[in-house]
Amino acid sequence: MREVAIIGVGAHPTGRFLDKSLKELAYPAIWDALNDAGVTPVEINVAYVGNSLGGLLTGQEGVRGQVVLQHSGITGIPIVNVENACASAMTALRGAWLEVASGAADVALAVGVEKMNVGDSARTIGALSAVSELDLADMGLQFTTSYAIHPKINLKARMQEYGWTRADFAKPAVKNSYNGSLNPLAQHRRKLTIEEIVQSRIVVDPLTLLMCSSISDGAAAAVVCSMDLAARLGSKSKVRIASCVLQSGVYRLPDDGRPDSATTSAFAAYEKAGIGPNDLDAIELHDAMAPAELMLYERLGLCAPGDGPKLIDDRITTLDGRLPVNPSGGLCSRGHPVGATGLLQICELVWQMRGEAGARQIEPRPKVTLAQNQGGLLLGQDSAVYGATILKS
Amino acid sequence: MKVLNPANLRIPTERGQTPCLLGSRCRECGNVVFPKMPVCPDCHRNATMEEVELGRTGKLYSHTIAHVAPNGFVAPYFQIFVDLAEGPRIFSLVGAECPVEVGVLEDGMEMRLIVEQVADTPERKDQLTYKYIPADRGNGSPA
């Protein structure tokens, strides 16, 4: 396997863009990435395009990747459409990485794009339900619910077990809203307080509106190539993909003692990259609901069970901390256009590692970073997809 | 009326029988799963799964009230996970006879299966599915 570098990234601002189609959202992200990498469309050998809800929400069920890329002037090459729920873009990146790592391609493009605002939020919620197995979606299971009471996370049970309060649940959102306030690409740029988060209306008990990522449009892209070629191209960035792990969920019987899939995927990524959680300098993680960040601290090996809120109280995961988490603002503030999120995480980490993150720049520049991503729901108590990508500079 | 997922639910045709879910049990390792699967997700052997009736009763594992709803559902509504007596932990809904209020359900309580329309909405009123209610409801005991 060849070593692979990310030589260019780009993102469309995240938010509500009712008048923009998938291809219009993707176009600036793709060209920002191409320009950043210093390559033109004819130098791209292969592309992977991640999108999750476009079939149901826009009606463009097939060939979304070809439609999106033709609009950006990229045609005639192999284009692979990727649907993997909220991990679609991460899966697209993995495809591009493997193409280059294997030697099949020299330069590959990964794109993630999502259009969720269609003027009918119940239709969008319904489409989100459909990234669960249909037996679950048909019964009205909502994604928000999966965080509130689903056995894999069960925040209500954590309140009992750890003594976590709604104020604890709000802490990641407070931290991330500050980070988001410094990010010009973020959907929500207002700093929030614990009080207003806890007092915002209940969506699915115990989750309130401001603890949940919102309906979001956006796009992100990355150009990858071999490390040798990156040197020849004189690329300004030498961010290397040290590992890129994709896992699917497993059918879980109640209390069967199998390790959590977010844990196994992250630790597989650590091992392949030859690092441990203590070596990380920054993390972008999948806080689709703010308190999930507290659970993920445990599962990524950052703290003991129940100690999540302390990492924020002790300012370890804040922007000025030893291990900043979600410097972009995360899914709740930066935004969660589901099929673009995995690459939005990568964009943020690359900008941070190059020292290009502006007002939210982490100092000193992070050298080893993790993007953690997951999505979908299966019968049998697990998410459908788990991803962990480690970058080194 | 149509059954939402007929393969998952057995509605009795004779008096005296009660409805139940249909799952699979692995002859080799004894695992019980819902819905039915042809391959055991634990030991991964093929053709070891037998159809079993299950889910007439269970214990409430967790519950919440959703205050937003996709099309075809009306908020607020209960969403629950139930530990079936036979093993699987499944997602389900709560019978319409239970008022959607805090304190009506308590984790750990005994539940029993009922069959009713998915939701009282134009989209879902003609679909039957399995739901759960507290076991002591409708049996003459206080609800």
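Nothing here was measured: the structure is a model prediction, and the numbers come from that model. (Residues numbered from 1 in each chain as written. Chains lettered and ligands numbered in written order. Predicted model: local features only at pLDDT ≥ 70, side-chain atom pairs only at ≥ 80, totals over all residues. Heavy atoms only, no water.)

**As for the overall build of chain A**
Reasoning step 1: Helix and strand content of chain A: 16 helices and 11 strands.
Reasoning step 2: Expected size for 393 residues packed as a compact globule is a radius of gyration near 21 Å; at 19 Å, chain A falls within 12% of this value.
Reasoning step 3: Evaluated residue by residue, chain A yields a buried proportion of 66% over its 393 residues.
Reasoning step 4: Within chain A, counting contacts between residues at least 6 apart in sequence, those at least 24 apart form 76% of the total.
Reasoning step 5: Total accessible area computed for chain A in this model is approximately 13,100 Å², and 51% of it derives from carbon and sulfur atoms.
Reasoning step 6: Of the charged side chains in chain A, 35 are positive and 40 negative; the average position of the first set lies 3 Å away from that of the second. (Helix = DSSP H or I, 4+ residues; strand = E, 2+ residues; numbered from the N terminus. Rg over C-alpha atoms; globule rule 2.2 N^0.38 Å. Buried < 20%, exposed > 50% of the residue type's maximum accessible area, 1.4 Å probe, protein only. Contact = heavy atoms within 4.5 Å. Areas by Shrake-Rupley, 256 points an atom, 1.4 Å probe, with all protein chains shown as cover. Lys, Arg positive; Asp, Glu negative; His and termini not counted. Charge placed at Lys NZ, Arg CZ, Asp CG, Glu CD.)

**Focus on the side chain of K131 of chain B**
Residue and element names in this part refer to chain B.
Reasoning step 1: Position of K131 among the secondary structure elements: in strand β10 (residues 127-134).
Reasoning step 2: Judged by relative accessible area, K131 falls into the buried class, the value being 6%.
Reasoning step 3: A polar contact is formed between the side chain of K131 and the backbone oxygen of V118, at a distance of 2.9 Å.
Reasoning step 4: Dropping the residues within four chain positions of it, K131 is found in contact with S92, L93, V94, G95, R112, L113, I114, E116, Q117, V118 and A119. (Polar contact = N/O pair within 3.5 Å; in protein donor to acceptor, adjacent residues only side chain to side chain.)

**What to know about helix α1 (residues 22-37) of chain A**
Along an α-helix, residues three or four apart share an orientation, since each turn contains 3.6 residues.
Residue and element names in this part refer to chain A.
Reasoning step 1: Between its first and last C-alpha, α1 extends 23 Å over 16 residues, near the 22 Å set by a 1.5 Å rise per residue.
Reasoning step 2: Within α1 the residues assigned to the buried category are L22, L25, A26, A29, I30, A33, L34, D36 and A37. Angular distribution of buried residues about the axis of α1 spans 160 degrees; they occupy a single face of the element.
Reasoning step 3: Contacts made by the buried residues of α1 are with β1 (4-15), α2 (54-58), α3 (64-71), β4 (107-114), β7 (217-226) and α16 (341-354).
Reasoning step 4: Two residues or fewer past α1, G38 is found with a positive phi of approximately 75 degrees. (Expected span 1.5 Å × (residues − 1). Arc of directions from axis to C-beta.)

**What about the environment of L98 of chain A?**
All names here are of chain A.
Reasoning step 1: Tracing the backbone through its elements, the reader meets L98 in helix α4 (residues 88-101).
Reasoning step 2: With a relative accessible area of 31%, L98 lands in the partly exposed category.
Reasoning step 3: Taking C-alpha positions, L98 is 9.2 Å from C244, a pair spaced 146 residues apart along the chain.

**Remarks on the packing of α1 of chain A against α3 of chain A**
Residue and element names in this part refer to chain A.
Reasoning step 1: Taken N-terminus to C-terminus, the directions of α1 and α3 make an angle of 55 degrees; their axes are 8 Å apart at the nearest point. By the angle class used here, α1 and α3 are oblique. Crossing handedness for the pair α1 and α3: right-handed. Across from L22, K23, E24, A26, Y27 and I30 in α1, the residues of α3 making contact are R64, V67, V68, L69 and H71.
Reasoning step 2: Of the residues contributing to the contact of α1 with α3, the split by class is seven nonpolar, one polar and three charged. (Axes fitted to C-alpha atoms, helices over the stretch in contact; angles between N-to-C directions. Parallel < 35°, antiparallel > 145°, perpendicular 65-115°, else oblique. Left-handed = near helix turned anticlockwise from the far one by under 90°. Nonpolar A, V, L, I, M, F, W, Y, C, P; charged D, E, K, R; others polar.)

**Considering the pattern of salt bridges**
Reasoning step 1: A full pass over the atoms with the stated rule returns 29 salt bridges over all chains.
Reasoning step 2: One salt bridge in this structure joins K171 of chain A and D168 of chain A, with 2.8 Å as the shortest N-O distance. Placement of the pair is K171 of chain A and D168 of chain A together in helix α9 (residues 166-181), with a separation of three residues, close to one helical turn. With respect to class, K171 of chain A is no different from D168 of chain A; both count as buried.
Reasoning step 3: Its salt-bridge partner being R334 of chain A, residue E284 of chain A comes within 3.5 Å of it at the nearest N-O pair. Here R334 of chain A lies in the loop between α15 (330-333) and α16 and E284 of chain A lies in strand β9 (residues 282-284), a separation of 50 residues in the sequence. With respect to class, E284 of chain A is no different from R334 of chain A; both count as buried.
Reasoning step 4: Salt bridges sharing common partners tie together R10, K36, E51, E53 and R56 of chain B. (Salt bridge = Lys/Arg side-chain N within 4 Å of Asp/Glu carboxyl O.)

**Describing helix α12 (residues 261-273) of chain A**
All names here are of chain A.
Reasoning step 1: The end-to-end C-alpha distance of α12 is 18 Å, a good match for the 18 Å that 13 residues give at a rise of 1.5 Å each.
Reasoning step 2: Looking only at α12, the buried set comprises S261, A262, S265, A266, A269, Y270 and A273.
Reasoning step 3: The N-terminus of α12 is capped by D260, whose side-chain oxygen sits 2.8 Å from the backbone nitrogen of A262.
Reasoning step 4: Looking one or two places after α12, you find G274, whose phi comes out positive at around 70 degrees.

**Brief notes about the packing of α9 of chain A against helix α13 (residues 292-299) of chain A**
All names here are of chain A.
Reasoning step 1: In the contact formed by α9 and α13, the axes pass within 7 Å of each other and the chain directions differ by 95 degrees. With respect to each other, α9 and α13 are oriented roughly perpendicular. Residues D168, F169, P172, K175 and N176 of α9 touch α13, and the partners they reach there are E293, L294 and Y297.
Reasoning step 2: Across the contact of α9 with α13, the residue classes break down as four nonpolar, one polar and three charged.

**Regarding the confidence of the model for chain B**
Reasoning step 1: Averaged over chain B, the pLDDT score is 92; the fraction of residues at 70 or greater is 96%.
Reasoning step 2: We note a pTM of 0.95 for the whole complex and an ipTM of 0.88 for its interfaces. (pLDDT = per-residue confidence, 0-100.)

**Comments concerning the environment of Q17 of chain B**
Residues and elements named next belong to chain B.
Reasoning step 1: Locating Q17 in the fold gives a position in the loop between β2 (9-10) and β3 (20-26).
Reasoning step 2: On the accessibility criterion, Q17 (45% relative accessible area) is partly exposed.
Reasoning step 3: Sequence separation between Q17 and V82 is 65 residues; the distance between their C-alpha atoms is 22 Å.

**Structural notes on the interface of chain B and chain A**
Reasoning step 1: Taken together, the contact pairs 38 residues of chain B with 32 residues of chain A.
Reasoning step 2: Remark: the boundary between chain B and chain A carries one salt bridge.
Reasoning step 3: Where R258 of chain A meets D42 of chain B, a salt bridge forms, and the shortest distance between an N and an O atom there is 2.4 Å.
Reasoning step 4: On inspection of chain B and its partner chain A, the count reaches 16 residue pairs in polar contact (both at pLDDT 80 or more).
Reasoning step 5: Residue assignment for the side of chain B that touches chain A shows that the elements contributing at least two residues are β4 (32-33), β6 (57-66), β7 (77-84), β8 (89-94) and β10 of chain B.
Reasoning step 6: The element contributing the most residues to the side of chain B that touches chain A is β6 of chain B, with six residues.

**Looking at the packing of aromatic side chains**
Reasoning step 1: Following the criterion strictly, the structure yields six aromatic pairs over all chains and no others.
Reasoning step 2: Between F34 of chain B and Y130 of chain B, the ring centres sit 5.7 Å apart and the planes meet at 90 degrees, which makes this aromatic pair edge-to-face. Residue F34 of chain B is located in the loop between β4 and β5 (49-54), and its partner Y130 of chain B is located in strand β10; the two are separated by 96 residues in the primary sequence. For the residue pair F34 of chain B and Y130 of chain B, the accessibility class agrees, reading buried in each case.
Reasoning step 3: What links up through ring pairs into an aromatic cluster is the set Y162, W164 and F169 of chain A.
Reasoning step 4: Positioned over the ring face of F17 of chain A is K20 of chain A, at 5.7 Å from the centre of the ring.
Reasoning step 5: Over the aromatic face of Y162 of chain A sits the side chain of R158 of chain A, whose NZ or CZ is 5.7 Å from the ring centroid. (Phe/Tyr/Trp six-rings, centres within 6.5 Å; stacked < 30°, edge-to-face > 60°. Lys NZ or Arg CZ within 6 Å of the ring centre and 35° of its normal.)

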